[in-house]
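Spelled out, the chains give:
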Amino acid sequence: MGTTSPRVVLVLAAALAGLSAPRATYGQPNFIVILADDVGWGDLGANWAETKETPHLDELAAEGTRFVDFHSAASTCSPSRASLLTGRLGARNGVTHNFAVTSVGGLPLNETTLAEVLREAGYSTGAIGKWHLGHHGRHHPSFRGFDYYFGIPYSHDMGCTDTPGYNLPPCPPCPRHGATARMARKDCYTEVALPLFENVTIVQQPVNLSSLAARYAEEAARFIRRASDSGRPFFLYLALAHTHVPLGVPPPPPASGRGIYGATLSEMDALVGQIKRVADSHGKGNTLLWFAGDNGPWAQKCELAGRLGPFVGAWQRQRGGSSAKQTTWEGGHRVPALAYWPGRIPAKRTSHALLSTLDIFPTLVALAGVALPPNRRFDGLDVSSVLFGWSDVGHKVLLHPNSGAAGKDGEIETLRLAQYKAFYTTGGAMACDGSIGPAEHHRPPLIFNLDRDIQEQEPLDLASREYQAVLPAISRAYAQALEDIATDNVSVADYSKDPAATPCCNAQHVACRCRAPGSRAAVLDRRAERRATRLCL
């Protein structure tokens, strides 16, 4: 072989420099993660043709990549959010079920959040919206890596308001006087008003739900502008209240005829559209926007719940109960997901890779050019190659933890291996008709071939050649997963409760009101409202 000339070396070096130019040009990218609450896979028009209320999300799908086999890490609020922000299942990070209004603890403090990693890497970090990972003491988001926080500490139906949204059963407004008769209703919080935080300060209690979406959009836009002006890369975690239950009196229902739910879905879609426009005007080409759901629809809310699409969990439905939120059926954890990054993520692409919200943590950490936290194992993958269209391969095995419908919370008794899904425990959450599917244990497991049976209607015959061929691989994968968790650095969350941990800006007022209803202070504009804030007790 001959010796390469100096001129060729220079040309080759220039070419290689050109290949690496995007990283040098872009620097550390900005990240916006938008997490919707209780949306169904079929609530996205790009997924389900019957859905007409999501033109902005559909535009996002057309200009980016749509993931059709994307899953939440759990099928209920707190565990799903904890896994997104740690890249670890609840069996590792300790968050196995939801935290309460009176919870003392939260996401264990020895767990490292995505915000903490990115802030250490020079990012400006903000969280806007629903937290639900502990609000007392150092579990508050202001102590979990976020430079700025604006939102509610848990679900927006976990406290009374003066403008109660739609719910089943309907919940009354907050009491206004100490002598007011308090109606005890199941699933309604009537004693303490829902608080709105800015950093560690309660700025409104009770929250005005009717204006909450607009406030979130305003604060998100302000955060993006400030971060962009500062010259620092930013990470914004926007955890929407939509569509858990409709926030308040919605605009007129859209032509789709989906009534109240359709109106709140449209409101969510418009909010996402606003954030996309702001992001495009402040760093287009250097901002990754990732949209996903936290779990499937809340079926017991009947017409106030979202669409499952084809993922109906027919086997469970035949036995009673819902196959959506809180279950390990596809409708409980397969969620809509989109990624948008002009010039980097291919447009008009549909990915069939098996992905999860668990992957957000390691992927963003890798894109930021920093290392994962040491001394722990992660369930998520760096899926940058899938985002950029270089690959369509995701997880070989994906674990689905029990999330309230059956089995012990957080335990792994369902797993996916390629197109096969194995259930060691099944059960149905409360359905619209009030039925609950009893827990059933399966040894050997029920196995469905999702390529042929996306409705999860008919498990493979135990005596079939297909079942016998796949069972050994499933058994090995399951045993290896449990062993991996058992030998990991596992955290334990504190689920103890104390009424003193309840967020309350003025314990002397009924329902912890910040100011007396009807007073001049109650109608202060936003700036004056901030001046009148009180510290959380």
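It should be emphasised that the depicted structure is a prediction, and the values quoted were computed from it without experimental measurement.

Enquirer: Explain the pattern of salt bridges residue by residue, including any values.
Expert: In total, this model carries 25 salt bridges according to the counting rule given. Ionic pairing is found between Lys-276 and Glu-63, a salt bridge with its closest N-O pair at 3.0 Å. Of this pair, Lys-276 sits in helix H7 (residues 259-281) while Glu-63 sits in helix H2 (residues 55-63), placing them 213 residues apart in sequence. Residue class for Glu-63 comes out partly exposed when judged on its relative accessible area of 30%. Between Arg-416 and Asp-69 there is a salt bridge whose closest N-O contact spans 2.7 Å. Taken as a pair, Arg-416 in strand S14 (residues 412-417) and Asp-69 in the loop between strand S2 (65-67) and strand S3 (70-71) lie far apart in primary sequence, 347 residues in all. A single salt-bridge network, built from bridges that share partners, covers Arg-88, Arg-92, Glu-111, Arg-377, Asp-379, Asp-484 and Asp-488.

Enquirer: How would you sum up the packing of H2 against H7? Please name residues and give values.
Expert: Remark: H2 packs on H7, axes separated minimally by 7 Å, with the N-to-C direction vectors making an angle of 45 degrees. With respect to H7, the axis of H2 lies oblique. Between H2 and H7, the contacting residues are Pro-55, His-56, Leu-57, Glu-59, Leu-60 and Glu-63 on the first element and Met-268, Asp-269, Ala-270, Val-272, Gly-273, Lys-276 and Arg-277 on the second.

Enquirer: Please provide a residue-by-residue account of helix H6 (residues 212-230), values included.
Expert: For H6, which comprises 19 residues, the first-to-last C-alpha distance of 27 Å matches the rise-based estimate of 27 Å (1.5 Å per residue) to within 8%. Residues Leu-212, Ala-213, Arg-215, Tyr-216, Ala-217, Glu-219, Ala-220, Ala-221, Arg-222, Phe-223, Ile-224 and Ala-227 constitute the buried set of H6. Positioned one or two residues after H6, Gly-231 has a phi angle of 85 degrees, which is positive.

Enquirer: So what's going on with the sheet that holds strand S13 (residues 397-401)? Which residues, and what values?
Expert: Paired through their backbone hydrogen bonds, the strands of a sheet run either parallel or antiparallel. With antiparallel pairing, four strands are arranged side by side in an open sheet as S13-S14-S15-S16. Strands at the two margins of the open sheet, each flanked by one partner only, are S13 and strand S16 (440-449). Taking each pair of neighbouring strands and ignoring which way they run, the sheet shows an average axis angle of 20 degrees. Against the sheet, helix H12 (residues 465-486) contacts S13, S14, strand S15 (420-426) and S16, and its axis sits at roughly 125 degrees relative to S14.

Enquirer: How would you sum up the confidence of the model for the protein chain? Please name residues and give values.
Expert: Mean pLDDT over the protein chain stands at 88; residues scoring 70 or higher make up 87%. Below a pLDDT of 50 lies the segment residues 516-537, which in the model reaches 38 contacts outside its immediate sequence neighbourhood of four places, other chains included.

Enquirer: Let's hear about helix H3 (residues 77-86): which residues, and what values?
Expert: Most of H3 sits out of view: 10 of its 10 residues are buried. Of all the positions in H3, only Cys-77, Ser-78, Pro-79, Ser-80, Arg-81, Ala-82, Ser-83, Leu-84, Leu-85 and Thr-86 are classed as buried. Buried positions along H3 lie against strand S1 (30-36), helix H4 (90-93), helix H5 (114-120), strand S8 (234-239) and helix H10 (360-367). Downstream of H3 by a residue or two, Gly-87 has a phi angle that is positive, lying close to 75 degrees.

Enquirer: I'd love a proper account of unusual backbone geometry, names of residues and values included.
Expert: The amide bond that connects Gln-205 to the next residue, Pro-206, takes the cis arrangement and shows omega of 10 degrees. Residue position: Pro-206 is located in the loop between strand S7 (201-204) and H6. Here the residue pair Arg-443 and Pro-444 is connected by a cis peptide bond, since its omega of 5 degrees sits within 30 degrees of zero. With respect to the helices and strands, Pro-444 occurs in strand S16. At Ala-418, a position not held by glycine, the phi torsion is positive, near 55 degrees. Inspection of the secondary structure assignment puts Ala-418 in the loop between S14 and S15.

Enquirer: I'd like a description of the pairing of strand S5 (residues 148-151), backed by residues and values.
Expert: If a strand is regular, its side chains alternate between the two faces of the sheet. With burial as the criterion, each face of S5 is covered, one bearing Tyr-148 and Phe-150 and the other bearing Tyr-149 and Gly-151. Relative to S5, strand S4 (residues 124-129) is paired through three bridges, and the arrangement is parallel. Bridge pairing in S5 places Ala-127 opposite Tyr-149.

Enquirer: Please provide a residue-by-residue account of the environment of Val-386, values included.
Expert: Here Val-386 shows up in helix H11 (residues 384-387). On a C-alpha basis, the gap between Val-386 and Ser-351 in space is 7.8 Å, while along the polypeptide they are 35 residues apart. For Val-386, the residues in contact, after removing those within four places along its chain, are Phe-67, Arg-349, Ser-351, Ala-353, Leu-355, Ser-391, Asp-392 and Val-393.

Enquirer: Got a sec to walk through the state of the cysteines? Specific residues and values, please.
Expert: Under the definition given, this model contains five disulfides. Linked covalently through their sulfurs, Cys-160 and Cys-174 form a disulfide whose S-S length is 2.1 Å. What sets the handedness of the Cys-160 and Cys-174 disulfide is the S-S torsion sign, and at about 105 degrees it is right-handed. Here the residue Cys-160 occupies a position in the loop between S5 and strand S6 (196-198), and Cys-174 occupies one in the loop between S5 and S6, the gap between them amounting to 14 residues. In terms of burial, Cys-160 and Cys-174 fall into one category: buried. Note on cysteine connectivity: Cys-302 is disulfide-linked to Cys-432, with sulfurs 2.1 Å apart.

Enquirer: Account for the side chain of Thr-86, naming residues and giving values.
Expert: Mapped onto the fold, Thr-86 is located in helix H3. Separated by 2.8 Å, the side chain of Thr-86 and the backbone oxygen of Ala-82 make a polar contact. The contacts of Thr-86, once residues within four sequence positions are left out, are Asn-93, Leu-107, Glu-111, Thr-112, Phe-361 and Phe-378.

Enquirer: Go over the packing of aromatic side chains, please, and point to the residues and values.
Expert: Scanning all chains against the criterion turns up 18 aromatic pairs. Between Phe-223 and Phe-234, the ring centres sit 6.1 Å apart and the planes meet at 90 degrees, which makes this aromatic pair edge-to-face. Residue Phe-223 is found in helix H6, and its partner Phe-234 is found in strand S8; the two are separated by 11 residues along the sequence. You'll find Phe-223 and Phe-234 in the same group, each marked buried.

Enquirer: With reference to specific residues and values, describe the nonpolar core.
Expert: Counting residues in hydrophobic clusters, the biggest one holds 51 residues, and the most contacted among them are Phe-31, Leu-114, Phe-235, Tyr-237, Leu-288, Leu-364 and Leu-387. Elements represented by at least two residues in this core include exactly S1, H3, H5, S8, strand S9 (287-293), strand S10 (337-340), H10 and H11. The leading source of residues in this core is H10, at five residues. Residues contacting Phe-31, with those up to four places away along its chain left out, are Leu-118, Tyr-123, Phe-234, Phe-235, Leu-236, Leu-288, Leu-364, Leu-367 and Ala-368. Counting residues in hydrophobic clusters, the runner-up holds 46 residues, among them Leu-60, Ala-221, Leu-240 and Ile-275.

Conventions adopted
- As a convention, each chain's residues are numbered from 1 in the sequence order in which they are written.
- Confidence filtering applies because this is a predicted model: local features only for residues at pLDDT of at least 70, side-chain atom pairs given and counted only at 80 or more, and all residues used for totals across whole chains, interfaces and linings.
- By convention in this description, side-chain values take in all heavy atoms of the structure and omit both hydrogens and water.
- Any carboxyl oxygen of Asp or Glu that lies within 4 Å of a side-chain nitrogen of Lys or Arg is treated as forming a salt bridge with it.
- Labels follow the DSSP assignment, with helices taken as runs of H or I lasting at least four residues and strands as runs of E lasting at least two, numbered in each case from the N terminus.
- Exposure is judged per residue with a 1.4 Å probe applied to protein chains only, and the accessible area is read against the type maximum: over 50% gives exposed, under 20% gives buried, and values in between give partly exposed.
- Under this scheme, a helix contributes an axis fitted over its contacting stretch, all axes are lines through C-alpha atoms, and angles between N-to-C directions fall in the 0 to 180 degree range.
- Throughout, the term roughly parallel applies to angles under 35 degrees, roughly antiparallel to angles over 145, roughly perpendicular to angles from 65 to 115, and oblique to all others.
- Should any heavy atoms of two residues lie within 4.5 Å, those residues are counted as being in contact.
- Residue count minus one, scaled by 1.5 Å, sets the expected span of a helix.
- A pair of strands is labelled paired if DSSP reports no fewer than 2 bridges between them.
- As a per-residue quantity, pLDDT reports the predictor's confidence and falls between 0 and 100.
- Here, two cysteine sulfur atoms that lie within 2.5 Å of each other are counted as a disulfide.
- Any N or O atom pair separated by 3.5 Å or less is treated as a polar contact, with the protein-specific requirement of one donor-capable and one acceptor-capable atom, and with residues adjacent in sequence counted only for side-chain atom pairs.
- Two rings from Phe, Tyr or Trp (for Trp, the six-membered ring) form a pair when their centres sit within 6.5 Å of each other. Planes less than 30 degrees apart are called stacked, planes more than 60 degrees apart edge-to-face, and all others tilted.
- Only buried residues count toward a nonpolar core, which is a set of Ala, Val, Leu, Ile, Met, Phe, Trp, Tyr and Cys residues joined through side-chain atoms within 4.5 Å.

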